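An overview of the molecular structure
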Amino acid sequence: MANNISVFKKYIDLLDEVYKNASLTSVLDGDSTLTSVGANANELIIPKIDMDGLANYDRNGGYVDGSVTLTNETVKFNYDRGRAFSVDAMDNEETAGLAFGKLSSEFIRTKTVPEMDAFRFATYASATGAVKDAGALADGAAVIAALRKGINRMDEEEVPCDGRYLFITPAVYGMVLDLDETKSKAVLSRFEDIILVPQSRFYTAVELLSGGSDQTAGGFKKGAAAKEIDFMIVHKDAVIQYPKHTVNKVIRPEENQKADAWRFFFRAYGLVNVYENKAKGIFVHTKA
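Everything numeric in this text was worked out from a predicted model, so none of it was measured.

Overview of the overall build of the protein
Of regular secondary structure, the protein possesses six helices and 13 strands. Put simply, the protein has 288 residues, and 42% of those count as buried. Partitioning the intrachain contacts of the protein with sequence separation of at least 6 by distance along the chain shows that 77% fall at a separation of at least 24. If you sum the accessible surface of the protein, you get close to 16,400 Å²; carbon and sulfur atoms cover 51% of it.

Brief notes about the nonpolar core
By size, the foremost hydrophobic cluster in this structure holds 36 residues, and its most contacted members are Leu28, Tyr124, Phe167, Phe202, Met232 and Ile282. Sorting the residues of this core by element identifies strand E4 (79–88), helix H3 (98–125), strand E6 (164–168), strand E10 (229–235), strand E11 (239–251), strand E12 (261–274) and strand E13 (282–286) as the ones contributing at least two each. Ranked by residues supplied to this core, first place goes to H3 with nine residues. Apart from residues lying up to four places away in sequence, leucine 28 is in contact with Tyr124, Tyr165, Phe167, Val234, Lys236, Val239 and Gln241. Ranked by size, the runner-up nonpolar core spans 20 residues in total, among them Ala146, Tyr173, Phe231 and Ile233.

A short note on the side chain of asparagine 256
Mapped onto the fold, asparagine 256 is located in the loop between E11 and E12. One polar contact links the side chain of asparagine 256 to the main-chain amide nitrogen of alanine 259, over a distance of 3.3 Å. Apart from the residues within four sequence positions on either side, asparagine 256 is in contact with Ile251, Ala261 and Arg263.

Structural notes on the pairing of E12
Judged by how many residues are buried, E12 sits mostly within the fold: ten of 14 residues are covered. Judged from the eleven bridges that link them, E11 and E12 form a sheet pairing that is antiparallel. Bridging from a neighbouring strand, histidine 245 pairs with tyrosine 269 of E12.

Quick look at the environment of glutamate 43
The residue glutamate 43 is located in strand E2 (residues 43–51) in this model. Among the residues examined, glutamate 43 registers a relative accessible area of 12% and is labelled buried.

With respect to unusual backbone geometry
Backbone geometry at glutamate 158 places phi at a positive 65°, although glycine is not the residue there. Looking at the secondary structure, you find glutamate 158 in the loop between helix H4 (140–156) and E6. Classification of glutamate 158 by relative accessible area gives exposed; the value is 70%.

Remarks on the packing of aromatic side chains
Taken as a whole and assessed by the stated rule, the structure comprises ten aromatic pairs. Ring centres of phenylalanine 121 and phenylalanine 202 lie 4.8 Å apart, and the angle between their planes is 70°; on these two criteria the pair is classed as edge-to-face. One end of the pair, phenylalanine 121, is in helix H3; the other, phenylalanine 202, is in the loop between strand E7 (193–196) and strand E8 (206–208), and 81 residues separate them in sequence. Phenylalanine 121 gets classed as buried once you look at its relative accessible area, which sits at 0%. Classification of phenylalanine 202 as buried rests on a relative accessible area of 0%. One aromatic cluster is present, formed by Phe85, Phe107, Phe264 and Phe266 through successive ring pairs. Lysine 249 extends its terminal NZ or CZ atom over the ring of phenylalanine 265, reaching a point 5.2 Å from the ring centre. We note arginine 267 situated over the ring of tyrosine 269; from NZ or CZ to the ring centre the distance is 5.4 Å.

The rules we used
Residues numbered from 1 in each chain as written. Predicted model: local features only at pLDDT ≥ 70, side-chain atom pairs only at ≥ 80, totals over all residues. Heavy atoms only, no water. Helix = DSSP H or I, 4+ residues; strand = E, 2+ residues; numbered from the N terminus. Buried < 20%, exposed > 50% of the residue type's maximum accessible area, 1.4 Å probe, protein only. Contact = heavy atoms within 4.5 Å. Areas by Shrake-Rupley, 256 points an atom, 1.4 Å probe, with all protein chains shown as cover. Core = buried A, V, L, I, M, F, W, Y, C linked by side-chain atoms within 4.5 Å. Polar contact = N/O pair within 3.5 Å; in protein donor to acceptor, adjacent residues only side chain to side chain. Pairing = 2+ DSSP bridges. Phe/Tyr/Trp six-rings, centres within 6.5 Å; stacked < 30°, edge-to-face > 60°. Lys NZ or Arg CZ within 6 Å of the ring centre and 35° of its normal.

Below is the structure:
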């Protein structure tokens, strides 16, 4: 029994590592200490501040009074997904533990992480105030021009230069790599990091499947009116990416009251949103 517990603890650590290696959006995870949890468990309260600018100073009258407004924006958690699986104890034993081990790790790597990435990208791409552009990108020069347009727009909106991440499909990025490096280096150096995103995770809208009678496979699919994204520039401070509760729970066969089987439970609960005042920190380019 002691040996089983020791192996189990090491295995859970590996599950966490799978998520960190496979997730493309984990670089945008926010610091949960920057927000205070609202009165309801499914909300966060985010402070917003606005104030008047400078006014003329009068040598006789002195200063002109200004006003400061501090309000609270309440945003609700919008991602709550889970799944449970069973693996018969004998099936697992006869495969030297591979049946259960492969099921849990492959589920996180091939099902959970792609869906979470796709949901996040779609949420940011459809956010009110995010800057959107579209058009055919015929070659690397067209991609560089589109990237420069996004960079210039952020510069004009005074989005900080630090913390800008470029998410881009391999095909579009490949066109940039085909160029002479001197034609692309200056533009690509403006990003904190460049992350390749497969088109299968990169849409302006996705539909999360319920897992019910007509959608038993679960997962997600491209939204009915969604567009394919070529690239997206995201300033990290513009998004609220808060995974409040992510849990891998395992019940061993000897603890299972219903069957002689391992039970694997996974649940992800969190918030994916965009700060209203920082939406210009997102630039999305889609296909025509």
